[in-house]
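Observations on the model geometry
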Amino acid sequence: MSTPESNASRPHVALERERKRLANALHDGVAQDIAYLAMRTPLLRQAIEASDPTKALQYLDDLENALSSAQTGVRALIEEGRPEDGGADLQARLSTLCQRWTQRAGLSVSLLWEIEEPSLDQACVNEIMLIVGEALSNVHRHAQAKQARVQVLQRDAALELTVRDNGKGLPSARADGSAPRHFGMLIMQERATALGGHLEIAPEADGGTQVRLVLPLG
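As the structure is a prediction and not an experimental result, all values here were calculated from the model.

1. Some remarks on helix α5 (residues 122-143)
Structural remark: α-helix, 3.6 residues per turn; residues separated by three or four positions point the same way. The terminal C-alpha atoms of α5, which comprises 22 residues, lie 30 Å apart, in line with the 32 Å expected from a rise of 1.5 Å per residue. Most of α5 is tucked away: 18 of the 22 residues are buried. Immediately downstream of α5, the backbone of Q144 shows phi near 55°, a positive value.

2. What to know about the pattern of salt bridges
Counted under the stated rule, the structure contains 6 salt bridges. R164 is paired through a salt bridge with E204; the nearest N and O atoms lie 3.2 Å apart. One end of the pair, R164, is in strand β3 (residues 158-165); the other, E204, is in the loop between β4 (198-203) and β5 (209-216), with 40 residues separating them in the sequence. Taking the relative accessible area as the measure of exposure, E204 reaches 19% and is therefore buried. Where E200 meets R212, a salt bridge forms, and the shortest distance between an N and an O atom there is 2.6 Å.

3. Considering the sheet that holds strand β2 (residues 147-155)
The sheet built from 5 strands is open, its strands ordered β1-β2-β3-β5-β4 with mixed pairing. Each edge of the open sheet is held by one strand with a lone partner, namely β1 (108-113) and β4. Between one strand axis and the next, the sheet turns through 15° on average, direction left out of account. Across 8 bridges, β2 lies against β3 in antiparallel orientation.

Quick notes on the rules
- Residues numbered from 1 in each chain as written.
- Predicted model: local features only at pLDDT ≥ 70, side-chain atom pairs only at ≥ 80, totals over all residues.
- Heavy atoms only, no water.
- Helix = DSSP H or I, 4+ residues; strand = E, 2+ residues; numbered from the N terminus.
- Expected span 1.5 Å × (residues − 1).
- Buried < 20%, exposed > 50% of the residue type's maximum accessible area, 1.4 Å probe, protein only.
- Salt bridge = Lys/Arg side-chain N within 4 Å of Asp/Glu carboxyl O.
- Pairing = 2+ DSSP bridges.
- Axes fitted to C-alpha atoms, helices over the stretch in contact; angles between N-to-C directions.

Written out as structure tokens, the structure reads:
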């Protein structure tokens with residue numbers, strides 16, 4: 001039987017869940033676009049000061065595309081309360097994502113697809129895409145990598161999706177031996193857990209970093 005205290009706490013729980021959902025959605029979409037704008041704007045200024053119209057136009061196109069993406073994300077949050085969906089075809093969506101990062105960030109991203117299209121509902125695919133998008137965003141912003149690879153395979157009864165890069169690796173450990181963690185990593189971990197899977201973030205043997213999502217199928 002519920003008590004007056006438990007009934008009173010329900011609005012607070014619902015409000016906290018909504019706050020967290022909005023924070024995650026903003027980080028996954030609009031915040032990434034804003035971060036990209038912040039990185040591209042100084043390059044545009046340098047091109048203008050160097051009287052290089054070719055690069056200036058390129059960076060201007062990048063800024064316009066990022067602004068359009070941010071506007072789309074904001075409209076989606078206002079109208080639907082979540083980022084726009086893109087269908088349940090995981091291979092096609094991953095391929096488009098890799099192409100977008102290659103064209104937009106100068107980061108060569110390849111897709112190694114080694115399974116048949118898994119039977120996943122659209123909500124699950126949306127969450128996977130957000131995890132992979134955050135992993136590639138981290139590669140671009142923090143790893144100083146030139147290449148990244150997204151690999152998808154099936155091991156036993158689980159979907160295994162790995163993002164690898166050839167960057168500078170994970171940040172140095174803190175004084176207590178623990179690795180620094182940022183908001184994006186925590187969101188990825190939470191999304192993986194919510195899907196019934198788990199996420200591993202580890203250094204590569206030859207440098208770089210790998211982010212591995214293991215998700216039970218069926």
